[in-house]
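Letter by letter, the chains look like this.
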Amino acid sequence: MHPLLNPAVKAARRAGTIINRASLDLDLLRIGRKAPNDFVTEVDQAAEAAIIEVLATAYPDHDFLAEETGTAGAGRNGQRKSASEFVWIIDPLDGTTNFIHGFPQYAVSIGLSYRGQITQAVIYDPVRNDLFIASKGKGAMLNDRRIRVAQRDRLDESLIGTGFPFRDFESLETFTVMFKELTQKTAGLRRPGAAALDLAYVACGRLDGFFEMGLMPWDAAAGSLLITEAGGLVGDFKGDSDYLFQENIIGASPRIFGQLVSILSKYKLVDPKKGLALKQQMDSR
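Per-chain numbering applies: the sequence of each chain, read as written, is numbered from 1 onward. Selection of residues for local features in this predicted model requires a pLDDT of at least 70, selection of side-chain atom pairs for listing and counting requires 80 or more, and totals for whole chains, interfaces and linings are taken over all residues. Calculated side-chain values reflect all of the structure's heavy atoms, with hydrogen atoms and water omitted.

(A) Spotlight on the pairing of strand β11 (residues 159-163). Counted residue by residue, β11 has four buried out of five residues, so it is predominantly covered. Of the strand pairs in this sheet, β11 and strand β12 (residues 188-190) are connected by three bridges, and their pairing is parallel. Counterpart to Ile-160 in the pairing with β12 is Leu-189. Here, any two strands with at least 2 DSSP bridges between them count as paired. A run of H or I in DSSP counts as a helix once it spans at least four residues, and a run of E counts as a strand once it spans at least two, with each numbered from the N terminus. Summarising the sheet, β11 and strand β13 (residues 209-213) pair through four bridges and their orientation is parallel. Residue pairing in the sheet places Thr-162 in a bridge with Phe-211 of β13. Under the scheme applied here, a residue whose accessible area is under 20% of the maximum for its type counts as buried, over 50% as exposed, and between as partly exposed, the area being computed with a 1.4 Å probe on protein chains only.

Here it is in structure tokens:
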């Protein structure tokens, strides 16, 4: 395991412990709403704080981009004036809606960006105790076993994951048309509700591909590296590699990636707003 991954794995498991304990008493959770259908709980916040504490202790000069607290510099105290080349991109509980309903499909996602490239990734499923890790150029693993993307070459034999637009309904009509077309051209579509875990499933071959609109960097950072290190491809709906802040993503085995791009690239998408604004905020620090 790459040395940079050791604290990230420790942080993910600590967050997983917080999540698992809370899952035993879901009726006691305090639940807030950031936007329609976009929930936050005290568990998200506690898990994120635990992750940042572990990583900031190990790497006090690194920066953070996290779902609940946004961008932060200089570890925990924010006193360093210059931005770090290392940025930890964190989703402490991807699949919060699933979690608060007791639907066991959610995960902790931690990715490390170095000079704008994702170089380390951890996705931890606390329900199944599945640990996905990847380091750039070193491959991807699931529970100490090397993983590879699936080898199917026909879209009509492939199982594809997706997610419905839930933060911004402006894209829903377009997505509905995409969903109809791909339902007819694949072996099936699945919408489990946790994008980070869906991307990890592409990396280990449980899904042949995945696409979604409206994702933020913390949803996709770690999962995208898992896929590329497992032999797959990741891009936006046009197939371009600048996907992290574009709010739409395709991840798949190479043989399926091109077929998904050929279908999805023809649809007119809403211009990314939140993602690009977040990128500008990071670049201006």
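Moving on from the model shown.
(B) Seen up close, helix α6 (residues 217-229). With 13 residues, α6 extends 18 Å from end C-alpha to end C-alpha; this agrees with the ideal 18 Å at 1.5 Å per step. Taking burial as the measure, the 13 residues of α6 include twelve buried ones, the bulk of the element. Inspection of α6 places Pro-217, Trp-218, Asp-219, Ala-220, Ala-221, Ala-222, Gly-223, Ser-224, Leu-225, Leu-226, Ile-227 and Glu-229 among the buried residues, and these make up the whole buried set. A positive backbone phi angle near 95 degrees is found at Gly-231, which sits one or two residues after α6. Multiply 1.5 Å by the residue count of a helix minus one, and that product is the helix's expected span.

(C) Layout of the pairing of strand β5 (residues 86-94). Taking burial as the measure, the nine residues of β5 include eight buried ones, the bulk of the element. Inspection of the sheet shows strand β3 (residues 63-66) paired to β5 by four bridges, in the parallel sense. If you follow Phe-64 over to β5, its bridge partner there is Trp-88. In terms of strand pairing, β5 meets strand β6 (residues 107-114) through seven bridges, oriented antiparallel. Residue pairing in the sheet places Val-87 in a bridge with Ser-113 of β6.

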